[in-house]
Amino acid sequence: MSSTVIQCGTLIDGIADEPIRDARVVVEDGTIRKVGPSESVSVPDEADRIDHSNHAVTPGFLDCHVHLNGTRSFQPMERIEKSLPYKAALGGADLRQLLRAGFTTVRDVGGSTAIGLRNAVEDDEIPGPRIYAAGRAISRSGGHADMNQLPTHWAGDEDRMLGVQADGVAECRKKARQELRSGADLIKITITGGMASKGTIPDQVHYTDAETQVFAEEAHAVGTHAAAHAYGTAGVNAAIRNGIDTIEHAIGFGERGEGVDLAHEYGAVVVPTLSAIYRLAYEGDEHGLPEFHVRKGREYVDKHADSVTRAYEADVPVALGTDCNGSYLHPHGDNAIEFELLVEQAGMDEMDALKAGTSVAADAIQAEDVGAVEPGRQADLVALDEDPLADISATRDAVAAVYKAGERVDDRI
Ligand SMILES: [Zn+2]
C-alpha cells in the first residue's frame, strides 16, 4: 500500500464553513484516509511527501453541465460536416483542458460522444476527468434539442446531433430506456425552448406533465436522476413538480414567489450555467453568433443572476455548471469563470461558491465518492497559488497542481 502525505497551507474541504490553516491530508492508494490540522494527523512511516504549504488546497472541481461533443463554433452545419470520430477526438482534447483547470469530474448533458469518452477514461486509455454522461438530450419534435435550423432529415441524423426527439408518453418512455440502454448515466430532457434553437421560445413549456413524469420515473427506476433544460418559470416549476432532479439554467426560478417551495418539497437542485448566457450576451457578437441567439441572451442575462440569488437566499442547493461546449465562445478549461459569476453576479460568498463546485455538485449528480476532502473519498484535489476565499478568481487564474485519485494530472510537471 502506498501512502502520501500532502501538506496544505490552507485546506478548504468542500463541506466545512471554515478553512483549516496548516493542514495535512493522508492518501492511501488514491483514497483519502486522514484529514486535519497538521498537529493532529500523524505521518505514516515511509510515506511520500507532497508540499503545498504555500498553497490553498480544495477538492477537485465539478462541472455539472458540459458538452464534450467537440463543438468549436455555433454553426449548425458544423454538426453535419464533422464526422463523429473527429468530434470525439476534439472532445478528448477538451478533457485535458478540463484536468489542467482543476475539473476532475464533469457531467455531460447531451451529445453522442461523452459515453465513449467516459469509457475510454475509465479504461485508462486517455486522460480525463470522471465523466457522468446523459447520452443524447431528449426533446419534443421542434424542441430545443431538435436542430430546427436544419432540414428535418439532417436533424434526424441522431448520431450527429446533441439530441433525439420523443413525443407522447409511450415514445418518451422508450427513448429514455434507449438512452439508458446505450450507457447513459442519467436522463436529460429539454422542457422549454432555449437560446441556440431558432424559433423556440424560452418561456414556453414543451412537455406535458405526463410526458415529463415518465422521464423522472425511468431515471429513478434504475437508481439515477433526471435533468431538465428549463428556462421560463412555468417550465422550471413543471420540471420540479414532475420529479426532475436537477434544473438546468433555471432562469425563471422563483419568479413571482413560485418555485422555492416546490424546490424544497421535491429536493430539486438548480444548475444555473450563468457563464453560458453571460458570454452569449457580452461576447456572442464578436464570435459571430446569429443575431437571434445574441438577442435572446441579452434579454435574459440579468434575470438569470436574479434567479440564482433567489435560490441561494432560499437555501435551495445551487450546483456549478457552465454549459462549456468547446466552442471559441465557451471553451473547456475556462469553466472556473462560473465560480466568479456565482460570487460577482449572484452574490454568493466565496465559500458557498466553492461548495457549489465541489460537495453540492457531487450530491447533485450522485458522485458521492468525490467533491470533498474527507476520509473515504477519492483524492481529487486542486492546489491554488492564491487563496480563493480572498479572491475567487484564483480558481481560474492560480491553479498550481491538480490530482485525480492521488495522481498528478495537470501536465505541469
Ligand atoms: Zn447545455
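It is worth spelling out the overall build of the chain at this point. Of regular secondary structure, the chain possesses 14 helices and 16 strands. What you see for the chain is a C-alpha radius of gyration of 21 Å, in line with the 22 Å of a compact globule of 413 residues. In terms of overall dimensions, the chain has C-alpha extents of about 65 × 45 × 45 Å along its principal axes. Taking as baseline every contact in the chain between residues at least 6 positions apart, the subset at least 24 positions apart corresponds to 69%.

Looking now at the packing of helix 5 (residues 169-181) against helix 6 (residues 209-221). Following both chains from N to C, one finds helix 5 and helix 6 inclined at 25°, their axes separated by 9 Å at the closest point. Considered as vectors, helix 5 and helix 6 are oriented roughly parallel to each other. When you trace helix 5 past helix 6, the crossing you get is right-handed. For the pair helix 5 and helix 6, contact is made by Val169, Cys172, Arg173, Ala176 and Arg177 and by Ala210, Glu211, Val214, Phe215 and Glu218, respectively. Residues belonging to the contact of helix 5 with helix 6 are distributed by class as follows: six nonpolar, no polar and four charged.

Here we come to the sheet that holds strand 4 (residues 48-59). Strand order across the open sheet formed by seven strands is 3-2-1-4-14-15-16, with mixed pairing between neighbours. Looking at strand neighbours, the two that pair on one side only are strand 3 (31-37) and strand 16 (407-408), the edges of this open sheet. Looking at chain direction, strand 15 (residues 399-404) and strand 16 are connected through two bridges and run antiparallel. Its bridge partner being in strand 16, Lys404 is matched across the sheet by Glu407.

Strand order in the open sheet formed by three strands is 5-6-7, and the pairing between neighbours is parallel. Looking at the sheet topology across the chains shown, the edges are occupied by strand 5 (61-66) and strand 7 (130-133). Averaged over all adjacent pairs, the angle separating strand axes in this sheet is 15°, with direction ignored. Pairing between strand 5 and strand 6 (residues 103-108): four bridges, direction parallel. Within the sheet, the bridge partner assigned to Leu62 lies in strand 6 and is Thr105. Its contacts with the sheet put helix 3 (residues 114-122) on strand 6 and strand 7, and the angle it makes with strand 7 is roughly 150°.

A few words on the pairing of strand 7. The alternating pattern of strand 7 places Arg130 and Tyr132 on one face and Ile131 and Ala133 on the opposite face, and all of these are buried. One crossover worth recording links strand 6 to the parallel strand 7 by way of helix 3, and it is right-handed.

Take the domain arrangement of the chain next. Here the chain is described as being made up of domain 1 (3-59 + 373-408) and domain 2 (61-364). At the junction of the two partners, domain 1 supplies 17 residues and domain 2 supplies 18 residues. Residue assignment for the side of domain 1 that touches domain 2 shows that the elements contributing at least two residues are strand 4, helix 14 (394-397) and strand 15. The element contributing the most residues to the side of domain 1 that touches domain 2 is strand 15, with three residues.

On the secondary structure map, Asp94 appears in helix 2 (residues 84-100). Between the alpha carbons of Asp94 and Gly70 there is a distance of 7.6 Å; along the sequence they are 24 residues apart.

The buried count for helix 7 (residues 233-241) comes to seven of nine residues, which makes it a mostly enclosed element. For helix 7, the set of buried residues is Thr233, Gly235, Val236, Asn237, Ala238, Ala239 and Ile240. The elements touched by buried residues of helix 7 are helix 6, strand 11 (226-230), strand 12 (246-249) and helix 8 (260-266). Note on helix 7: the residue one or two positions beyond its end, Gly243, has a positive phi of about 95°.

With that settled, consider the pairing of strand 1 (residues 3-11). The pairing of strand 1 with strand 2 (residues 20-28) spans eight bridges and is antiparallel. Looking at the pairing, Gln7 lines up with Arg24 of strand 2. By the bridge criterion, seven bridges tie strand 1 to strand 4 in an arrangement that is parallel. Within strand 4, the residue paired with Thr10 across the bridge is Ala56.

Definitions and cut-offs
- Residues numbered from 1 in each chain as written.
- Predicted model: local features only at pLDDT ≥ 70, side-chain atom pairs only at ≥ 80, totals over all residues.
- Helix = DSSP H or I, 4+ residues; strand = E, 2+ residues; numbered from the N terminus.
- Rg over C-alpha atoms; globule rule 2.2 N^0.38 Å.
- Contact = placed C-beta atoms within 7 Å.
- Axes fitted to C-alpha atoms, helices over the stretch in contact; angles between N-to-C directions.
- Parallel < 35°, antiparallel > 145°, perpendicular 65-115°, else oblique.
- Left-handed = near helix turned anticlockwise from the far one by under 90°.
- Nonpolar A, V, L, I, M, F, W, Y, C, P; charged D, E, K, R; others polar.
- Pairing = 2+ DSSP bridges.
- Buried ≥ 20, exposed ≤ 12 C-beta atoms within 10 Å, placed from the backbone.
- Right-handed = clockwise from strand over helix to strand, strands pointing away.
- Domains from an automatic or database assignment.

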